[in-house]
Amino acid sequence: MNQVRLKWGERTLDAANQQKILGYFIEEAREHLETLAQGVMDLPKVCKDPEALNELFRAAHSVKGGSAMLGYDSIQKTAHRLEDCFKILKEHDVPVDGRLEALFLKGYDTLHTLLDHLESPDGLQDATASRITKAAEPDFDTLENYLHQLVSGEVIEESPKPQKAPSAPPPPSDPFANETKALLKEMLALFKAKATPEGRKQLQKLCVRLAKLAPKEKGWQMVTKSCHQAIGNPKYSYRTLAPVIIKELKHNSDLKVLGQSEDIQVSPALKQLADAKTPQVLIPVEPKAAAKTLMNVFSKQQLSQLVELLAAK
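Keep in mind that what you see is a predicted model, and the values were worked out from it rather than measured.

Draft legend 1. Region of interest: the overall build of the protein. If you tally the helices and strands in the protein, you get 13 helices and two strands. Residues classed as buried in the protein amount to 47% of the 313 residues present. Summarising the internal contacts of the protein: among those between residues at least 6 apart in sequence, 74% fall at separations of at least 24.

Draft legend 2. Expanded view of the pattern of salt bridges. The tally for this structure, following the rule as stated, stands at 13 salt bridges. Here Asp141 ties to Arg81 by a salt bridge, and the two come within 2.8 Å at their closest N and O atoms. With Asp141 in helix α6 (residues 126-152) and Arg81 in helix α4 (residues 73-91), this pair connects stretches of sequence that are 60 residues apart. Of the residues examined, Asp141 reaches a relative accessible area of 36% and is grouped as partly exposed. Between Lys247 and Asp116 there is a salt bridge, with the nearest N and O atoms lying 3.7 Å from each other.

Draft legend 3. Broad picture of the environment of Ala242. Residue placement: Ala242 occurs in helix α10 (residues 238-257). With 211 residues separating them in the primary sequence, Ala242 and Glu31 have C-alpha atoms 8.8 Å apart. Once residues lying within four places of it in the same chain are set aside, the contact partners of Ala242 are Glu34 and Phe191.

Draft legend 4. Representation of the side chain of Glu119. Structurally, the position occupied by Glu119 is in helix α5 (residues 98-119). Among the polar contacts made by the side chain of Glu119, one reaches the side chain of Arg30 at a distance of 2.8 Å.

Draft legend 5. Local environment of helix α7 (residues 175-192). Taking 1.5 Å as the rise per residue, α7 with 18 residues should run 26 Å; its terminal C-alpha atoms sit 26 Å apart, in good agreement. Listed as buried for α7 are Phe176, Ala177, Thr180, Leu183, Leu184, Met187, Leu188, Leu190 and Phe191. Each buried residue of α7 lies within a common arc of 160 degrees when the element is viewed along its axis, so the set occupies one face.

Draft legend 6. Inspection of the environment of Ile231 at higher detail. Checked against the element boundaries, Ile231 lands in helix α9 (residues 218-231). Taking the C-alpha atoms as reference points, Ile231 and Ala274, 43 residues apart in sequence, are found 8.0 Å from one another. Beyond its immediate stretch of four places on either side in the chain, Ile231 contacts Met187, Arg200, Leu203, Gln204, Cys207, Leu241 and Ile245.

Draft legend 7. Representation of the packing of aromatic side chains. Inspection of the entire model under this criterion finds three aromatic pairs. Considering the side-chain rings of Phe191 and Tyr238, the 5.4 Å spacing of their centres and the 85 degrees angle between planes classify their relative orientation as edge-to-face. Of this pair, Phe191 sits in helix α7 while Tyr238 sits in helix α10, and the two are 47 residues apart along the sequence. What makes Phe191 buried here is its relative accessible area of 3%.

Draft legend 8. Broad picture of the packing of α9 against α10. For the pair α9 and α10, interaxial distance at closest approach is 11 Å and the crossing angle is 170 degrees. The orientation of α9 with respect to α10, classified from their angle, is roughly antiparallel. Contacts from Trp220, Val223, Thr224, Cys227, Ala230 and Ile231 in α9 reach Leu241, Ile245, Glu248, Leu249, Asn252 and Ser253 in α10. When grouped by side-chain class, the residues that make up the contact of α9 with α10 number eight nonpolar, three polar and one charged.

Draft legend 9. Just empty space enclosed by the protein, in detail. Tallying each qualifying case throughout the model produces one cavity of 30 Å³ or more. Around the largest cavity sit Ala37, Met41, Leu105, Tyr108, Asp109, Ile246, Lys247 and Lys250, which together line it. If you list the elements that add at least two residues to the lining of the largest cavity, you get α1 (15-41), α5 and α10. In the lining of the largest cavity, the residues fall into five nonpolar, no polar and three charged.

Draft legend 10. Quick peek at the nonpolar core. One finds Phe86 and Phe104 to be the most contacted residues of the largest nonpolar core, which totals 47 residues. Elements with a contribution of two residues or more to this core: α1, α2 (43-46), α3 (50-70), α4, α5 and α6. Discounting chain neighbours no more than four positions away, the residues touching Phe104 are Val40, Leu43, Leu82, Cys85, Phe86, Leu89, Leu143 and Leu147. Counting 32 residues, the second-largest nonpolar core is a separate cluster that includes Phe176, Leu188, Ala214 and Leu255.

Scoring rules and cut-offs
Residues numbered from 1 in each chain as written. Predicted model: local features only at pLDDT ≥ 70, side-chain atom pairs only at ≥ 80, totals over all residues. Heavy atoms only, no water. Helix = DSSP H or I, 4+ residues; strand = E, 2+ residues; numbered from the N terminus. Buried < 20%, exposed > 50% of the residue type's maximum accessible area, 1.4 Å probe, protein only. Contact = heavy atoms within 4.5 Å. Salt bridge = Lys/Arg side-chain N within 4 Å of Asp/Glu carboxyl O. Polar contact = N/O pair within 3.5 Å; in protein donor to acceptor, adjacent residues only side chain to side chain. Expected span 1.5 Å × (residues − 1). Arc of directions from axis to C-beta. Phe/Tyr/Trp six-rings, centres within 6.5 Å; stacked < 30°, edge-to-face > 60°. Axes fitted to C-alpha atoms, helices over the stretch in contact; angles between N-to-C directions. Parallel < 35°, antiparallel > 145°, perpendicular 65-115°, else oblique. Nonpolar A, V, L, I, M, F, W, Y, C, P; charged D, E, K, R; others polar. 1 Å grid on protein atoms, 1.4 Å probe; cavity = no way out; pocket = protein on both sides within 12 Å on 5 of 7 lines; lining within 4 Å. Points joined across faces, edges and corners; volume = space filled by probe spheres on them. Core = buried A, V, L, I, M, F, W, Y, C linked by side-chain atoms within 4.5 Å.

Structure representation (structure tokens):
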């Protein structure tokens, strides 16, 4: 890993300390992602609770602010668009339907994917960030337009979409979809509680129950098994596990419902959690960008205080 040292007088901020700063951001962002995941999956109920809506708005706002400070424009812009959409929900009485839930979930998935790349060994490369955000722009435009239609009461009916369309929500009558959603809600409730050995056992039991919903689907069996293994590692905190596992199970269950079982697979992020004997937080450092950002954001005195704080950790 490249070493970068920022010198201000006698103070030096090296790559290790830069990595700690990014680590703090990742840790907080994962916590906010858990809040967003729970809210998006229970959107009809959340929209009737002003405080719950405020929590979603604040979660997106916090990710936006942290990523802006560190210079990750793609994460900032994605979080900002989610924040704007939650603002509409806060300010208007919006009727929630399956399409709106699916669109919000896609927005959440985009933010989650960007953070997954940021935390991966290769980091969030500019080309990757650009590709992800560009692909998500039409979905965010559709989400904002649909929200305005719902607010005005002028919803434009769309022609039926093919069964394999990625954005189509799971049919409400599908037993697998219904049972999966119920079990994921139980998982979220456990992840929100304090981590205990008994809690982990309960989470693993839910993984077993999820596996039994599709015993002949090889891909689904691999996904649920990997989730089971990751949860069993006591050194991984709930805030680390929850966003990856919930997203993994939701995404792959949707693929099965949509008839795309051949696309079900274990993501690199989940594989890393499942295979690692000792958890590692891999935070990529982009030396030039980090150095430029820190010099722009912090004064000489603030950097000195930050170095002292990090040295005390």
